[in-house]
Amino acid sequence: MLTTLCYIIIFFSIAQPGAIIPVLGETRVFFVINVFALFFLIVTKRGSFSDLTGLPQNKYIVGLLFAYTISEGQYFWISGTAAVFVFWAKKFILYWLMISVIEDLKKLKTAFWMLIWAVGVLAVYGWNLYLSEPDLLLDAVRIYSVGNYNNPNSLALVLTLCFPLAFALLEVEKSAIKRLVLVGFMVTVFVTCAYTKSRGGTIGLLIAFGLSTILSRRIFQSRAIKLIFVGMGAVGFMTIVLSLILSRGDVTSLTGAGGEASSGDRLMAWFAAIRMFLDHPIFGVGWGKFTEFALDYGMDKRLLAHNTILSVLAETGIVGAFFFTMTILSVVRQLVEMRRKWLKDKNREDELIICQGILICFICYLANTSFSVKDHEPFYWALLGLVGILCKINQRDRWLKVSDTLEPESKIGGLTSRS
């Protein structure tokens, strides 16, 4: 029951039920499912306190939940503070649920599939909108989807983050049908991401493809073949994808040079974020309040900060920025350590491949969010959960190895006695 609820929440965290099924919009079905999951998690004692203390990153994730809440609480607005807490608590529940009930590699792969199916649904909705209702599309006829992804750049990000997971599954799945589905999904991701015409998204996807190919353990084994495919991806990007990006009316170049409005807005937002932090260094101006303060800090329009870490710094101060950066540093360090360990163990190649897929996701996330604000991105919080699961699998394997080296019994005079 609890495992099923976990998979449902993972899926609906990306493909929001109220967005893909509008009739559910007023029922707050996702919130209700989260409440049920939290109830069963506590009642069944699957979510123990040790789950929140057993991994190094957990203390930073818990701290981040309170940092966001305190940033709003400093204004003593009770309902606003409660709303912020509930918003971030739903993401925390997803994380806690994942690390509490998903216990092995098989279930972890199922979680991968839930994310892939959810992104697939978003892509279908996006293409349906693009092909059947083009009059509704804005901003140079760019594909976007529904819910959190009703913006081309947001859709491009989630497509990019899902690609390394699909590639990792392609390497570890044995079923020919599943592998065929994954190939079709990755082709769909490439085409859909190209039609978002997002510079950050498509560059991130190129990074995801390049790293997945270079680090491939089974699909691409020859170094020469890896280089050929990476080169083909780069050529395809420079010819086909770049031409689509430059067809946007608000873009003059790939880098934003030439005085285009988007690059100027980005620089203006960065400077405003720094000034906000200097004026409110401890708790920031309050989560989600960057746009409210934007005009007071030199901006001529209400925009986001165009950089995740600067946004966190401006809105939650040094407290939130500390927990946010330490979460990422802790997670990336553990992924690197696990990858290094499993490189030496031929019996753990599936774990190695899964670990590499998640690590590539984080690299793409950091690259993309240098130009966007995505600390609240549901896929990012699902990734934190995936890392937590992998860390617990690693801890369990390490404990089993230690226990196997112990000699619990010794034989004396033909009798067995416990030492």
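Residues numbered from 1 in each chain as written. Predicted model: local features only at pLDDT ≥ 70, side-chain atom pairs only at ≥ 80, totals over all residues. Heavy atoms only, no water.

A.B. asks: So what about the overall build of the protein? Which residues, and what values?
C.D. replies: What the protein contains, in helices and strands, is 15 helices and two strands. When the 419 residues of the protein are sorted by exposure, 50% land in the buried category. In the protein, of all internal contacts separated by at least 6 residues, the share reaching a separation of at least 24 is 74%. Counting every atom, the protein has about 19400 Å² of accessible surface; 68% of that belongs to carbon and sulfur. (Helix = DSSP H or I, 4+ residues; strand = E, 2+ residues; numbered from the N terminus. Buried < 20%, exposed > 50% of the residue type's maximum accessible area, 1.4 Å probe, protein only. Contact = heavy atoms within 4.5 Å. Areas by Shrake-Rupley, 256 points an atom, 1.4 Å probe, with all protein chains shown as cover.)

A.B. asks: How would you sum up the pattern of salt bridges? Please name residues and give values.
C.D. replies: Charged atoms that come close allow side chains of opposite charge to pair. By the definition in use, this model includes six salt bridges. A salt bridge links Asp350 to Arg218, with the shortest nitrogen-to-oxygen separation between them at 2.8 Å. On the criterion of sequence distance, the pair formed by Asp350 in helix α14 (residues 349-368) and Arg218 in the loop between α9 (199-214) and α10 (223-245) is long-range, its members being 132 residues apart. The exposure class assigned to Arg218 is partly exposed, which follows from its relative accessible area of 29%. Sharing partners across several salt bridges, the network here consists of Arg217, Arg218, Glu349 and Asp350. (Salt bridge = Lys/Arg side-chain N within 4 Å of Asp/Glu carboxyl O.)

A.B. asks: Please provide a residue-by-residue account of the packing of helix α1 (residues 2-14) against helix α5 (residues 78-101), values included.
C.D. replies: A pair of packed helices is characterised by two quantities: the angle between their axes and the separation of those axes. Two elements in contact, α1 and α5, have axes separated by 10 Å at closest approach and are oriented at 140°. If you check the angle between α1 and α5, you find them oblique. As for how α1 packs across α5, the hand of that crossing is left-handed. Taking contact as the criterion, the partners of Leu2, Thr3, Leu5, Cys6, Ile9, Ile10 and Ser13 in α1 are, on α5, Leu94, Leu97, Met98 and Val101. (Axes fitted to C-alpha atoms, helices over the stretch in contact; angles between N-to-C directions. Parallel < 35°, antiparallel > 145°, perpendicular 65-115°, else oblique. Left-handed = near helix turned anticlockwise from the far one by under 90°.)

A.B. asks: Mind laying out the nonpolar core, listing which residues take part and the relevant values?
C.D. replies: Counting residues in each nonpolar core, the largest one holds 103 residues, and the members touching the most others are Ile10, Leu108, Leu335, Ile358, Phe379 and Leu386. Ranked by the residues each element gives to this core, the list is headed by helix α7 (residues 152-172), at 15 residues. The residues contacting Ile358, other than those within four sequence positions of it, are Phe112, Leu165, Leu335, Leu383, Leu386, Val387 and Leu390. Judged by nonpolar contacts, the second largest core, of 14 residues, contains Ala272, Phe290, Tyr297 and Val373. (Core = buried A, V, L, I, M, F, W, Y, C linked by side-chain atoms within 4.5 Å.)

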